[in-house]
Every structure is written in C-alpha cells, then in structure tokens.
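# Summary of structural features
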Amino acid sequence: MALILPLAACTSLTSEPERETVAAYDLTDLDRDGVITARDNCLESTLDASVDNDGCQGNEDQTLKQDLIILFAHDSSVITAKYQDEINQMANFMEQNPGLMLLLEGHASQVGSDQYNLALSKRRAEAVRGALMKAGVQVSRLEIIGYGESKPLLMGEDEQSAAANRRVVGALTSMREGVRMRWNVYSVENPAK
C-alpha cells in the first residue's frame, strides 16, 4: 500500500495535457546582434559588428591622444619660435601616419568680449594650421574650430589662468571610417591555408 500511494500521486501530476508556453514579450533577434528586435533601432547592422544598447554599430572613428599644445601671448595669434620644434614633430608624425587627421581647437582667455575672443581663437587655430601646412601637412588633414573663452583650462582672472587659456590644442583622430567588429570567441582560422 505504501508503494501504491506515491505512484497514484505521480499520475495525478501528469494527467493534464501539456500546454504551449507563450512568451510575454517577443525576444527574437532577427539581425543576431544581441539586441532584441523589439528594442533594436538599427535592424540592418553588419553581422558580428560591435553595437550599442540600441543595436546600432559605431564607426571606428576615435580620438587618439592630445599631442600638440601651443600657448599665445595676450591678444596675439603669432606663434613664438619656441613652438617650432613641436610643430615639426607633429608634421613628421602625421607624415608617418597618413590615416590621421588633426583637429586644432583654438581658445582664448576671458579678457575681452565673447565675440572678439571667438574670432581670436579662430585666428590662433588658423595660425597653427598655416605653420603645419608650411611644415608639409596637407590642408585636407587639418580642421580648425574656435571655442573663444567657452572652455577654459583654468578658472580665474589671474595672469596664470589667462596664460593657460590662450592656447591651441591639437587632437588627433583617425580618418578611417568603418565598422568596429565585435570580438568573437568562436572565430576559427581556416586550417587549409
């Protein structure tokens, strides 16, 4: 009798027919990028591309490191001779790395009006672009932008702060645009080669 009771209990558990389980949400991933289709804003991403949380792939465009800083005298866009070595080094570096561009960001101190400082910061960036072109860098690889006094390096109204803010900063970026591929542990090299 002790054996029959547990067996009777088992049959009562399985006596109901199995029902198909329906998911509460559609969890399909049609483009197989790891983001479900219901949330995917870019349904045609490249297979095995690295994507963000919205399923969109980013370009391989990335800022490298800041390599050029040139300081200026008050109300001046003239590059002093002491920066010529840095300009030549940057020109040589760019010659050896033809896939790079240089964004020249001009800045000004807080002395003067906003409009004047914006124009002054652009003149400073143009002066550095001219010096780099003279050193052999193609104009198509140089971009400029003037920020005026909007992005100070140091806050304050003393001369040290003003001197640090009168500058042009060069930021290297890659000219290559392409899809950044996701690393895949299942990639296998062709053994036939």
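For the structure itself, consult the block above.
What counts as what
Within any chain, residue numbers begin from 1 and follow the written order of that chain's sequence. Local features are withheld for residues below a pLDDT of 70 in this predicted model, meaning they are given only at 70 or higher, and side-chain atom pairs are given and counted only at 80 or more; totals for whole chains, interfaces and linings count all residues. To get the side-chain values, all heavy atoms of the structure are used, and hydrogens and water are removed first. What counts as a helix is a DSSP run of H or I of at least four residues, what counts as a strand is a run of E of at least two, and both are numbered from the N terminus. We call a residue buried when its accessible area falls under 20% of the maximum for its residue type, exposed when it is over 50%, and partly exposed in between, using a 1.4 Å probe and counting protein chains only. Only heavy atoms matter for contacts: two residues are in contact if any of them lie within 4.5 Å across the pair. The protein chains shown are the only cover counted for residues, whose accessible areas, like all others here, come from Shrake-Rupley with a 1.4 Å probe. Between rings of Phe, Tyr and Trp, where Trp is taken as its six-membered ring, a pair exists when centres lie within 6.5 Å; planes separated by under 30 degrees are stacked, by over 60 edge-to-face, and by other angles tilted. Placement of a charge over a ring requires the Lys NZ or Arg CZ to be within 6 Å of the ring centre, with the centre-to-atom vector within 35 degrees of the ring normal. Helix span is expected to be 1.5 Å times the residue number reduced by one. Salt bridges are defined by distance alone: a side-chain nitrogen of Lys or Arg within 4 Å of a carboxyl oxygen of Asp or Glu. Strands are treated as partners if at least two bridges between them are detected by DSSP.

## Concerning the overall build of the chain
Within the chain one finds four helices and four strands. Counted from the first residue to the last, the chain has its helices and strands arranged as α-β-α-β-α-β-α-β. Looking at the chain as a whole, 27% of its 193 residues are labelled buried. Considering only intrachain contacts with a sequence separation of at least 6, the fraction spanning at least 24 residues in the chain is 66%. Here the chain has roughly 13600 Å² of accessible surface; of this, 54% comes from carbon and sulfur atoms.

## Describing the packing of aromatic side chains
The final tally for this structure, using the stated rule, is zero aromatic pairs. In this structure, Arg123 is placed above the aromatic ring of Tyr116, and the distance from its NZ or CZ to the ring centre is 5.6 Å.

## Considerations on helix α3 (residues 114-134)
For an α-helix, the turn length of 3.6 residues means that residues three or four places apart are oriented alike. The terminal C-alpha atoms of α3 lie 30 Å apart, and with 21 residues this matches the ideal 30 Å at 1.5 Å per residue to within 8%. A positive phi of about 110 degrees marks Gly136, the residue just after α3.

## So, the environment of Asp26
Looking at the secondary structure, you find Asp26 in the loop between α1 (4-13) and β1 (63-71). Residue class for Asp26 comes out partly exposed when judged on its relative accessible area of 46%. Separated by 12 residues in the primary sequence, Asp26 and Ala38 have C-alpha atoms spaced 6.8 Å apart. Ignoring sequence-local partners within four residues, the contact set of Asp26 consists of Ile36 and Ala38.

## What to know about the environment of Ala91
Summarising the element assignment, Ala91 is placed in helix α2 (residues 84-96). Taking the C-alpha atoms as reference points, Ala91 and Val137, separated by 46 residues in sequence, lie 5.9 Å from one another. Non-local contacts of Ala91, meaning those with residues more than four positions away in its chain, are made with Leu132, Ala135 and Val137.

## Some thoughts on the pattern of salt bridges
Throughout the structure, instances matching the rule amount to one salt bridge. Of the charged contacts, one joins Arg166 and Glu159 as a salt bridge, the two residues approaching to 3.0 Å between their closest N and O atoms.

## Re the pairing of strand β3 (residues 142-146)
Note that strand β2 (residues 100-106) and β3 share five bridges and pair parallel. Counted as the bridge partner of Gly106 is Gly146 from β3.

## Comments concerning the side chain of Arg167
Along the chain, Arg167 falls in strand β4 (residues 167-174). Sequence-distant contacts of Arg167, defined by excluding residues within four places in its chain, comprise Ile70, Leu71, Phe72, Glu105, Gly106, His107, Arg124, Lys151, Pro152 and Leu153.

## What to know about the environment of Leu120
Looking at the element boundaries, Leu120 is found in helix α3. The class for Leu120 is buried, based on a relative accessible area of 3%. Taking the C-alpha atoms as reference, Leu120 lies 8.0 Å from Gly146; in sequence the two are 26 residues apart. Here Leu120 is in contact with Asp75 and Ser76, once residues within four sequence places are set aside.

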